Amino acid sequence: MKQWDVIVIGGGHAGSEAASAAARLGASTLLLTHRLDTIGEMSCNPAIGGLGKGHLVREVDALDGVMGRVADASGIQFRLLNRSKGPAVRGPRTQSDRALYKQAMQTELAGVDNLEIRAAAVEDLIMDGDRCVGVIDAEGNEYAAAAVVLTTGTFLRGMIHRGAERIPAGRAGEAPAMGLGERLYGMKLRMGRLKTGTPARLRKSSIDWDALEQQAADETPVPFSFMTDRITVPQITCAITRTTEETHRIIAGNLEHSAVYSGAIAGRGPRYCPSIEDKVVRFADRTSHQVFLEPEGLDDDTVYPNGISTSLPDAVQDAFLKTLPGLEQVEVKRYGYAIEYDYVDPRELDATLQVRAVPGLWLAGQINGTTGYEEAAAQGIMAGFNAALASTGRAPFVLSRSDAYIGVMIDDLITRGVSEPYRMFTSRAEFRLSLRADNADQRLTPLGVETGCVTEARRRVFEEKMERLTSARALLEAASYTPRDLAAAGITVNQDGTRRNGMQVLAFPETALGNLVPLTPALGDIAPDIAAQLKKDATYANYIARQARDVEMLRRDEGVAIPASFDYAGIEGLSNELKAKLAAARPETLAQAARIDGMTPAALALILVCLRRGERAQSA
């Protein structure tokens, strides 16, 4: 039996990133998936990015992940969300051509050294005591590895619900992974059921596009990948329609036929992406809801109606769809459904996404209670890195909450768990002014270079950019202007006699680099992309400097490790409720303990005292 360093199960967004990441670190890697032709499949909405999510894609790209490049190669409607707000909360997004995305992902993986891809349905794990040392497929074939990464998405004992129909499936037309679910339950891991849903797919030629409001792509698309110079894929227009009072009447009159409201589904769904049934019930005072009609490809006659996922029977879907303006004659290509699946409580994982009770086993994606392609990819890349590092005896690679949105997400998952599918938002990050989508490469690519997961081509591109950025910043910082100088250039500033350098002036909301060129002509040679980056850096410089103390405090607490065997029950003065929460979460650092629900400064001080006492006892 051949021995691999890393085996990745699943060829979705988490699995693709995990396999690529492990192989880039030099690990001999095997990707096993049900079908080779579905690698990179976009099971739900064919879109990448958005608010918070776009930050994750940029961070994955900064670590040389594949999602950003694949999105750029397949994006057919790029839009920068929150453009009117500050750069910290802007979210790059694209509607992708579903076929182009899958093709580009498969091409990317085919070109990765150290990666072998095979079609197999994995049904069980090979165990050596409590350690995972490989997997077994449905045919009984065994595959040995030092590390295994499970990225099963919605396939883990997945069940499709549509009206009264119950169809065992991982997604439409594909069998679920039943054996793996049973194996994980048998390990006594804390597990549960979650659900998500998808809308009907519509025939594009049956929609009255001329009757609908159109939404164009951005005139100048903003790529996801720092390696992409410009977008060459043709851009399309989407359309907007709305539900009506008649739509709501039909849905409300058929709620008992909805799998969600009939009691057939026990799993909790994503609160921020509700089904149309949920919208009608929860927002009963609303007479309409916006629906985006998004074509699934340049040459595809399929449209994704974003905003009306449902588990109602086919006939009811037909009836309510025809009440939306522009859809009076619509034809359905595939009806919507809800899907329920198993997940593992992410508090069972450590900061590398390894299962604490099962060395050698890493989990990434929806199996950890998250929702979304971007969240899956971000977990996949980190699980892949750490599985590869562990398989070759190297130190783990962990990102802090102050390093990246990836760090925020993983910390949230392993310390707080989930009560519903977890989705990334910019509001989850304490340090979002420094964790911007535009500076993901500045934050993370040097860490990737140090870890060895960044290719030589990306390293060269990054270093060349940083040389230009450093040179331009030095020129601005060396320039010095009096208030009179600035006023003469048309820049409004307090006449307080204070000299300001170029970066300080660039921080003024209405000042662009071009305003300073008359005063310092050499600034005119700075390339537009570098000028735009300097403007963003200058805008947030003062705020980030003020945050530095908070970041330092976080890093200090992250440096205080808590042993896995630490006895919380023995801490006098700690409430029984907190003892139970801490024993369940098993935080690895004082910083993680601080984020446990109900934690107080006094309780943290008690934990720190006991840790210090234990250290003194060991050194005595």
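Everything discussed here concerns the structure shown above.
These numbers were taken from a predicted model, which means no experiment stands behind them.

Undergrad: Would you take a moment to explain the packing of aromatic side chains for this structure?
TA: Considering all chains together, one arrives at four aromatic pairs under this definition. For the ring pair Trp-4 and Tyr-143, a centre distance of 6.4 Å and an interplane angle of 45° mean the geometry is tilted. Here Trp-4 is found in strand β1 (residues 3-9), whereas its partner Tyr-143 is found in strand β9 (residues 142-150), with 139 residues between them in sequence. The buried category is assigned to Trp-4, whose relative accessible area is 4%. A residue is classified by how much of its surface remains accessible, and Tyr-143, at 6% relative accessible area, is buried. Here Phe-566 and Tyr-568 contribute two aromatic rings whose centre-to-centre distance is 5.0 Å and whose plane-to-plane angle is 80°, an arrangement assigned as edge-to-face. No difference in accessibility class separates Phe-566 from Tyr-568, as the two residues are buried. The positively charged end of Arg-428 is found above the aromatic ring belonging to Tyr-422, 4.1 Å away from the centroid.

Undergrad: I keep staring at the packing of helix α12 (residues 456-478) against helix α16 (residues 528-558) and nothing clicks. Help me out?
TA: Two quantities define a packed helix pair, namely the angle between the helix axes and the distance between the axes. Interhelical geometry of α12 versus α16 gives an angle of 60° and a closest axis separation of 10 Å. Comparing their axes, α16 and α12 come out oblique. Crossing of α12 over α16 shows right-handed handedness. In this structure, α12 uses Lys-465, Arg-468, Leu-469, Ala-472, Arg-473 and Leu-476 to contact α16, whose residues at the interface are Asp-529, Ile-530, Gln-533, Leu-534 and Asp-537. Across the contact of α12 with α16, the residue classes break down as five nonpolar, one polar and five charged.

Undergrad: So what exactly am I meant to see when it comes to helix α10 (residues 405-416) here?
TA: Because an α-helix packs 3.6 residues into every turn, residues spaced three or four apart end up facing the same way. Given a rise of 1.5 Å per residue, 12 residues ought to cover 16 Å, and the 16 Å separating the end C-alpha atoms of α10 matches this to within 8%. The element α10 is extensively covered by neighbouring structure, given that 11 of its 12 residues are classed as buried. Check the buried side of α10 and you find it contacts α2 (53-62), α9 (373-391), α17 (576-585) and α18 (590-594). Phi for Gly-417, located one or two positions after α10, is positive at around 70°.

Undergrad: For this particular structure, what's the right way to read the pattern of salt bridges?
TA: In a structure, side chains of opposite charge can pair up when their charged atoms sit close to one another. For the structure shown, the criterion picks out 47 salt bridges. For the salt bridge of Asp-64 with Arg-69, the shortest nitrogen-to-oxygen distance reads 3.3 Å. The exposure class of Asp-64 is buried, given its relative accessible area of 4%. We classify Arg-69 as partly exposed; its relative accessible area is 22%. Close ionic contact of Asp-314 with Arg-162 constitutes a salt bridge, the shortest N to O distance being 3.6 Å. Taken together, the residues Asp-314 in helix α8 (residues 314-321) and Arg-162 in strand β10 (residues 159-162) connect sequence positions 152 residues apart. You can call Asp-314 partly exposed: its relative accessible area is 28%. Classification of Arg-162 by relative accessible area gives buried; the value is 13%. Members of the salt-bridge network, linked through shared partners, are Arg-401, Asp-411, Asp-412, Arg-416, Glu-430 and Arg-595.

Conventions we followed
- Residues numbered from 1 in each chain as written.
- Predicted model: local features only at pLDDT ≥ 70, side-chain atom pairs only at ≥ 80, totals over all residues.
- Heavy atoms only, no water.
- Phe/Tyr/Trp six-rings, centres within 6.5 Å; stacked < 30°, edge-to-face > 60°.
- Helix = DSSP H or I, 4+ residues; strand = E, 2+ residues; numbered from the N terminus.
- Buried < 20%, exposed > 50% of the residue type's maximum accessible area, 1.4 Å probe, protein only.
- Lys NZ or Arg CZ within 6 Å of the ring centre and 35° of its normal.
- Axes fitted to C-alpha atoms, helices over the stretch in contact; angles between N-to-C directions.
- Parallel < 35°, antiparallel > 145°, perpendicular 65-115°, else oblique.
- Left-handed = near helix turned anticlockwise from the far one by under 90°.
- Contact = heavy atoms within 4.5 Å.
- Nonpolar A, V, L, I, M, F, W, Y, C, P; charged D, E, K, R; others polar.
- Expected span 1.5 Å × (residues − 1).
- Salt bridge = Lys/Arg side-chain N within 4 Å of Asp/Glu carboxyl O.

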